[in-house]
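Structure at a glance
Each chain, letter by letter, is given below.
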Amino acid sequence: MIEFKNVSLTYPNGNRGLHQIHTRIEAGEFVVIVGLSGAGKSTFIRSINRMVMPTAGELIVDGENVVPLAGKRLRQLRTKVGMIFQQYNLVNRSTVMKNAIAGRLGHTGTLRSVLNLYKKQDRSLAYQSLLRLNIGDKVHARADELSGGEQQRVSIARVLTQEPMVMLADEPVASLDPPTSHQVMRDLKRINEEDGITTLINLHYMDLAMEYADRIIGMRDGEIVFDGPVESVTEAT
Ligand code: ADP
Ligand code: ADP
C-alpha cells in the first residue's frame, strides 16, 4: 500500500527531515510513529499526502510514485489519503455538519462545494460518520462551541466522510487530556478495524503507542531506528 524507497527530504534551509527511509506499510495496518520532537515524524507522515515533497527516492502510495505529483493528480492523492491534525483544523464558525461534509470536497469539486451543492448521499455519508464518532447530536453546533475531544472527533468524521484508503494523524492527541486521548485513540483503532483504513499516527507518548499500536516505528534524526510489532518493543529496550 505504502512503500518508502530510499526516501530523503532536506528542507530548503538545509535541515534534515528524512534520511534514506526504507519501509513498507501494508493495507489495513495500524502503525504508530514515535520519537522526540524534531525526529522527523511529521515529515514522514506529511510526505505520504505530499504536504511536503521528498528531495530523493520514491514514495509509492497505492501503486503510484507520489513524489512528482502535481495539480489534479495531487488532489486525487489527497482524496485517497485523509489527514488529522493536532489542532483539528476545523472551520470554527461553521457547523459540525458543514465541517464533516467538507470531507467530500475532493469528490465534489471546489465550485460545487462553495455553492453548497453537495449531493444527498454526501450529506447522508457525513451524518453517518458523525454518528459513528458519537457526535450526531451536535450536527447544528458551531465547531468552536465544542470541547477539544469533540472537535477531534468531528475532524475524524470529516476524514471518514472522505472514504479514504489511508488515514494520517499528526499528533492527534497532543492537545487533549489523558482520558480524552484514550477515547480518540480507541476511535481511531475501531475505525481501522471496522473499515480496514490503513492508519499512521504520530505520537510522542510511548504508553499510548504501546497500548494501541500493532506496529511501532521509532524515529531519530530523520531515520528509522526501530520498526516492529508492539510485543518486540520491551525486548528491544
Ligand atoms: P517531528 O514531527 O518528529 O517533531 P519534524 O518532521 O517536524 O519532526 O522535523 C524534522 C526536522 O525537520 C526538524 O529538525 C525540524 O526542525 C525540521 N523541519 C520541519 N519542518 C521544517 C520546515 N518547514 N523548514 C525547515 N525545517 C523543518
Ligand atoms: P510538529 O512538531 O508538529 O512538526 P512544529 O511546531 O515542529 O510542529 O512545526 C510547526 C510548523 O513549523 C510546521 O509547519 C513545520 O513544517 C514548521 N517548522 C518546524 N521546524 C521548522 C524550522 N526549523 N524552520 C522552519 N519551519 C519549521
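Above this text you will find the structure in question.
The structure contained in this document is the topic of the report that follows. (Residues numbered from 1 in each chain as written. Chains lettered and ligands numbered in written order. Predicted model: local features only at pLDDT ≥ 70, side-chain atom pairs only at ≥ 80, totals over all residues. Heavy atoms only, no water.)

Some remarks on the side chain of T161
- In this fold, T161 is placed in helix α7 (residues 148-161).
- For T161, the residues in contact, after removing those within four places along its chain, are A100, I101, G103, R104, D122, L125, A126 and S129. (Helix = DSSP H or I, 4+ residues; strand = E, 2+ residues; numbered from the N terminus. Contact = heavy atoms within 4.5 Å.)

Quick notes on the pattern of salt bridges
- Overall, the coordinates contain 16 salt bridges when judged by the stated rule.
- With a closest N to O distance of 2.8 Å, R46 and D170 form a salt bridge. Here D170 lies in strand β7 (residues 166-170) and R46 lies in helix α1 (residues 41-48), a separation of 124 residues in the sequence.
- The buried category is assigned to D170, whose relative accessible area is 7%.
- Note that D227 and R215 form a salt bridge whose closest N and O atoms lie 2.8 Å from each other. Within this pair, whereas D227 is found in strand β10 (residues 223-229), its partner R215 is found in strand β9 (residues 215-220), the two being separated by 12 residues in sequence.
- Residue R215 is classed as buried on the basis of its relative accessible area of 12%.
- Beyond isolated ion pairs, a larger network of salt bridges with shared partners links E3, R24 and E26. (Salt bridge = Lys/Arg side-chain N within 4 Å of Asp/Glu carboxyl O. Buried < 20%, exposed > 50% of the residue type's maximum accessible area, 1.4 Å probe, protein only.)

Some remarks on unusual backbone geometry
- A positive phi angle, close to 60 degrees, is found at R50, a residue other than glycine.
- In this structure, R50 sits in the loop between α1 and β4 (56-61).
- Among the residues examined, R50 registers a relative accessible area of 9% and is labelled buried.
- Its identity is not glycine, yet Y88 carries a phi of approximately 70 degrees, on the positive side.
- Within the fold, Y88 resides in the loop between β6 (81-85) and α3 (96-101).
- Residue Y88 is classed as buried on the basis of its relative accessible area of 7%.

Re the packing of aromatic side chains
- Using the criterion set out here, one finds one aromatic pair in the structure.
- Ring centres of F4 and F44 lie 4.4 Å apart, and the angle between their planes is 5 degrees; on these two criteria the pair is classed as stacked. A residue pair is termed long-range when its members are at least 10 positions apart, and F4 in strand β1 (residues 2-10) and F44 in helix α1 qualify at 40 residues. Take F4 and F44: they sit in the same class, and that class is buried. (Phe/Tyr/Trp six-rings, centres within 6.5 Å; stacked < 30°, edge-to-face > 60°.)

Examining the environment of R186
- Here R186 lies in helix α8 (residues 178-195).
- For R186, a relative accessible area of 43% translates into the label partly exposed.
- Each C-alpha atom, one on R186 and one on D144, is 23 Å from the other, the two residues being 42 residues apart in sequence.

From the geometry alone we can't say anything about function, so treat these as descriptive.
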